[in-house]
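Next come the chains, spelled out residue by residue.
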Amino acid sequence: MLKAGIIGAGNISGIYLQNGRRFESMEITAIADLDRSRAEAKGLQYGIRALSVEDMLMDAEIDLIINLTIPKAHAAVNLQALEAGKHVYVEKPFAVSLEEGKEVLRVAEARGLYVGGAPDTFLGGGIQTCVKLILEGAIGTPVGATAFMMSGGHESWHPDPAFYYMKGGGPLFDMGPYYITVLIAMLGPIHRVTGAARISAPERTITSEPKAGEKIRVEVPTHVAGIMEFKAGPIATLLTSFDIPGGSVLPRMEVYGTGGSLLVPDPNDFGGKVMLRKSGESEWKEIELTHGYAENARGLGAAEMAAAIARGTAHRASGRLAYHVLETMHGFHASAEQGVHIVMHSDCDQPAALPAGLHPTFLHI
């Protein structure tokens with residue numbers, strides 16, 4: 001069992017701390033935050049140590065850092081942890097810039113350390129059922145896919161939404177990693193991307209408490225449409241937006257093949273409903289999930305990485321996968337700005353499918 005420490009005691013840390021208790025491959029023993037009071041509150045709630053960031057990085061007991069800081073701090077904290085000899089698992093996005101992401105991969109490789117990144121929802125029962133169906137030929141040869149993330153923006157509900165409109169934010173960098181990672185898990189790595197993007201309003205007004213009435217200057221596109229051409233041949237379309245206050249009835253994701261179509265559950269969830277309609281059939285049929293981890297299992301990617309570290313084998317939510325997703329998102333923005341196709345420079349392995357029937361607390365893989 002690897003000893004892990006969390007850096008970043010924000011909202012998402014709670015589910016990591018809660019789920020961290022269920023996996024035998026790692027034990028979360030400490031938490032740190034620049035705001036010491038937040039770390040102390042979480043430490044008291046979950047019965048773990050509250051440390052300064054510096055003390056955590058110097059703690060010889062801790063092997064793995066789970067980085068839950070805000071996006072613009074991801075790469076800096078990753079590099080600090082790697083330089084301290086710690087393996088790292090980071091929340092999405094992997095980094096803000098491609099240069100930062102490359103440096104994290106370089107340092108990890110040079111030091112012989114593991115680096116991984118969220119999202120890990122593709123390891124859940126919903127998406128793994130879809131992966132199994134595709135691999136078994138349930139829809140024939142994959143031809144294409146569509147994916148939609150349509151919302152009105154976070155300023156209406158989040159207590160501190162400003163960072164969603166800063167560099168490293170926006171609908172693409174906030175939610176795109178879920179969708180693109182799931183598409184790669186089902187269809188493999190991406191060869192070329194094309195995008196169109198806009199900032200629909202240069203300023204947003206917060207309507208949620210406690211900062212209602214404050215203004216946010218928008219730095220990133222809030223409506224992004226992208227096309228991905230996969231190395232294996234399929235073509236997928238992704239639309240992400242914070243400019244849809246009225247909501248949408250579009251499906252989260254569909255995959256189309258020569259022998260049928262697959263309705264994929266929400267990539268932000270671990271479970272969900274899987275629907276299949278084969279060529280020649282008139283009705284969609286619900287497919288029973290073939291895999292576990294269908295509830296909110298955030299932290300599963302870190303636990304699977306911890307198990308891989310112990311075995312000395314490859315892990316699924318890898319840094320190279322997370323970087324490939326990062327380059328895809330930057331490619332959409334670059335294509336929109338330059339008016340050209342963007343050929344990807346990075347590559348990654350399509351994550352190996354999880355076997356069915358895993359024990360709920362230990363990953364025997």
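What counts, and at which threshold
- Residues numbered from 1 in each chain as written.
- Predicted model: local features only at pLDDT ≥ 70, side-chain atom pairs only at ≥ 80, totals over all residues.
- Heavy atoms only, no water.
- Helix = DSSP H or I, 4+ residues; strand = E, 2+ residues; numbered from the N terminus.
- Rg over C-alpha atoms; globule rule 2.2 N^0.38 Å.
- Buried < 20%, exposed > 50% of the residue type's maximum accessible area, 1.4 Å probe, protein only.
- Contact = heavy atoms within 4.5 Å.
- Areas by Shrake-Rupley, 256 points an atom, 1.4 Å probe, with all protein chains shown as cover.
- Expected span 1.5 Å × (residues − 1).
- Pairing = 2+ DSSP bridges.
- Axes fitted to C-alpha atoms, helices over the stretch in contact; angles between N-to-C directions.
- Core = buried A, V, L, I, M, F, W, Y, C linked by side-chain atoms within 4.5 Å.
- Polar contact = N/O pair within 3.5 Å; in protein donor to acceptor, adjacent residues only side chain to side chain.

Engineer: An account of the overall build of the chain is requested, with residue identities and associated values reported.
Structural biologist: Broken down by element type, the chain carries 9 helices and 17 strands. Taking 21 Å as the expected radius of gyration for a compact globule of 365 residues, we find that the chain reaches 20 Å, a close match to that expectation. Counting only C-alpha atoms, the chain reaches 60 × 50 × 35 Å along its principal axes. Burial analysis of the chain (365 residues in total) assigns 56% to the buried set. Taking the intrachain contacts of the chain between residues at least 6 apart in sequence as the baseline, contacts between residues at least 24 apart amount to 70%. Counting only carbon and sulfur atoms, one obtains 53% of the accessible surface of the chain, whose full area is about 15,000 Å².

Engineer: Mind laying out helix α9 (residues 319-338), listing which residues take part and the relevant values?
Structural biologist: Over its 20 residues, α9 extends 28 Å from the first C-alpha to the last, a length consistent with the 28 Å expected when each residue adds 1.5 Å. The element α9 is largely enclosed, with a buried count of 15 among its 20 residues. Downstream of α9 by a residue or two, G339 has a phi angle that is positive, lying close to 70 degrees.

Engineer: I'd love a proper account of the sheet that holds strand β12 (residues 235-241), names of residues and values included.
Structural biologist: On the basis of which strands lie adjacent, the open sheet formed by 9 strands has the order β16-β15-β14-β13-β7-β12-β11-β8-β17 and mixed pairing. Each edge of the sheet is formed by a strand with only one pairing partner; in this case those strands are β16 (285-287) and β17 (342-343). In this structure, strand β14 (residues 260-264) lies alongside strand β15 (residues 274-278), joined through 4 bridges in antiparallel fashion. When the sheet's bridge partners are listed, L263 is paired in β15 with M275. Taken strand by strand, helix α6 (residues 125-135) contacts β7 (142-150), β13 (253-257), β14, β15 and β16, and its axis lies near 165 degrees from that of β14. Across the sheet, helix α7 (residues 170-187) lies against β7, β8 (190-198), β11 (223-230), β12, β13 and β14, angled at about 160 degrees from β7, the strand it touches most.

Engineer: Quick one: what's the story with the nonpolar core, residue by residue and with numbers?
Structural biologist: By size, the foremost hydrophobic cluster in this structure holds 111 residues, and its most contacted members are I66, M186, M228 and L262. Sort the elements by how many residues they give to this core and α7 lands first, with 12 residues. Once residues within four sequence positions are removed from consideration, I66 is found in contact with A4, G5, I6, I7, Y16, M26, I28, Y89 and A302.

Engineer: Can you lay out the side chain of Q128 for me, pointing to particular residues and giving the numbers?
Structural biologist: Within the secondary structure, Q128 sits in helix α6. Separated by 2.7 Å, the side chain of Q128 and the backbone oxygen of F122 make a polar contact. Once residues within four sequence positions are removed from consideration, Q128 is found in contact with F122, L123, H291, A353 and L354.

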